[in-house]
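# Descriptive analysis of the structure
Now for the letters of each chain:
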Amino acid sequence: MGGGEFSFHYRTEASEPTPPLFVNGEVRDTLPVSDRGLAYGDGLFETIAVRGGEPEFWSRHMARLREGCARLRLGEPDLVELNRETELLINGQRTTQNVDQGIVKIIITRGSGGRGYRAPQEPTPTRITAFHPWPEIPDSPALDGVKARRCDLRLGQQPALAGIKHLNRLENVLARAEWDDPDIAEGLLCDQAGNVIEGTMSNFFVEREGTLLTPDLSRCGVAGIIRSVVMEEARSQGIALEEINICYEDVTTADALFLTNSVIGIWPIRELGGKEFAISPTTRTLMDRLETRRRGERSP
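The model shown is predicted, which means the values in this text are computed figures rather than measured ones.

A few words on the pairing of strand β13 (residues 256-261). In regular strands, side chains alternate between the two faces of the sheet. Burial of β13 is extensive: six of the six residues sit out of reach of the surface. Both faces of β13 are covered, namely the face carrying A256, F258 and T260 and the face carrying L257, L259 and N261. Pairing geometry for β13 and strand β14 (residues 265-272), over four bridges, is antiparallel. Each residue of the ladder has a partner; that of L259, found in β14, is W267. Adjacent in sequence and paired antiparallel, β13 and β14 are bridged by three residues.

On to the packing of helix α2 (residues 58-71) against helix α3 (residues 79-96), then. For the pair α2 and α3, interaxial distance at closest approach is 12 Å and the crossing angle is 135 degrees. Viewed along their axes, α2 and α3 adopt a mutual orientation that is oblique. For α2 against α3, the interelement crossing comes out right-handed. Of the residues in α3, those touching α2 at W58, M62 and L65 are L79, L82, N83 and T86. Per-class residue counts for the contact of α2 with α3 are five nonpolar, two polar and no charged.

This paragraph deals with the packing of aromatic side chains. For the structure on display, the rule yields two aromatic pairs. Aromatic side chains Y40 and Y117 sit 5.2 Å apart centroid to centroid with 55 degrees between the ring planes, which places their arrangement in the tilted category. Remark: Y117 occurs in the loop between β5 (102-109) and β6 (126-133) and Y40 occurs in helix α1 (residues 36-40); sequence separation between them is 77 residues. Look at Y40 and you get partly exposed, because its relative accessible area is 27%. Aromatic side chains F205 and F258 sit 4.9 Å apart centroid to centroid with 15 degrees between the ring planes, which places their arrangement in the stacked category. Note that F205 is positioned in strand β10 (residues 203-208) and F258 in strand β13, a separation of 53 residues in sequence. Comparing F205 with F258, the two get one shared label, buried. A cation over an aromatic ring shows up here: K105 above the ring of F45, its NZ or CZ 4.7 Å from the ring centre. Positioned over the ring face of W179 is R176, at 4.0 Å from the centre of the ring.

A word on the layout of surface pockets. The volume enclosed by the largest pocket comes to roughly 510 Å³. In this structure, the largest pocket is lined by 23 residues; those nearest its centre are K165, T200, M201, S202 and N261. Among the elements of the structure, β3 (43-51), α2, β9 (196-199), α6 (225-236) and β13 are those that each provide at least two residues to the lining of the largest pocket. The class makeup of the residues in the lining of the largest pocket is eight nonpolar, eleven polar and four charged. What the second largest pocket holds in volume is close to 430 Å³.

Positive phi, normally seen in glycine, also occurs at F57, with a value near 55 degrees. Inspection of the secondary structure assignment puts F57 in the loop between β4 (54-55) and α2. Looking at F57, the relative accessible area reads 2%, which means it is buried. A positive phi angle, close to 50 degrees, is found at E209, a residue other than glycine. Mapped onto the elements, E209 comes out in the loop between β10 and β11 (211-215).

Basis of the calculations
Residues numbered from 1 in each chain as written. Predicted model: local features only at pLDDT ≥ 70, side-chain atom pairs only at ≥ 80, totals over all residues. Heavy atoms only, no water. Buried < 20%, exposed > 50% of the residue type's maximum accessible area, 1.4 Å probe, protein only. Helix = DSSP H or I, 4+ residues; strand = E, 2+ residues; numbered from the N terminus. Pairing = 2+ DSSP bridges. Axes fitted to C-alpha atoms, helices over the stretch in contact; angles between N-to-C directions. Parallel < 35°, antiparallel > 145°, perpendicular 65-115°, else oblique. Left-handed = near helix turned anticlockwise from the far one by under 90°. Contact = heavy atoms within 4.5 Å. Nonpolar A, V, L, I, M, F, W, Y, C, P; charged D, E, K, R; others polar. Phe/Tyr/Trp six-rings, centres within 6.5 Å; stacked < 30°, edge-to-face > 60°. Lys NZ or Arg CZ within 6 Å of the ring centre and 35° of its normal. 1 Å grid on protein atoms, 1.4 Å probe; cavity = no way out; pocket = protein on both sides within 12 Å on 5 of 7 lines; lining within 4 Å. Points joined across faces, edges and corners; volume = space filled by probe spheres on them.

Encoded structure:
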């Protein structure tokens, strides 16, 4: 993943006022009711962390977006416009709000296409880019670990959608509604066979006897950007790594567990289902390596 053709080109001289968001390059916050993203969840999205005024892992996000558009037959996304709009959003926040940290969310839908599931043969996609404030996240989840639970909901298996970040996220919405205990930070989702796939908002790793395991996502789940970076860093450090089916029973007897996504980075799991887990040296090493990579992403 990645590559120079997807690099983010930032121009510090831009000084446009902060728009609420862009829809197809226009400063507005409305969509036609006929948009297929609204009607069917027919589209994709990316959630990109912004620190120091720079979007992290931009090339990876654009590569995944491009792959998702190809798989859903949405056509080639306009990466030049996405770059420009993201730049304006970030620089607008820096110049008018003195804010250089936040989240850029990009949504691509198939656009309007009338009633019915049949997609238009030549779609005109809708492109949405928006800047959101950075959430208030304390240091304790990364330092001390978090409490997690197993969700009752089981993910359906659909290889045609596996890996990509499509808009059909009702499974995650229903799973997240299963608890309201503020002490529980995340819920783990299993597939129909009982294999742990991911969290409601994160990817998942298991450490067992010196080997790092992460779920096989060939049938369902989202292949996260930070997941891919962590896998690269594990291999670079000589840490054995496998992508395999992981049943929940194997999770409960693991040596260590952690979660990843673009906003949280890495969160160790300190408790799952009433069982406590240590934060391993391997987890700490990967947290340090990820922070190094993030700083590198923000370097000029």
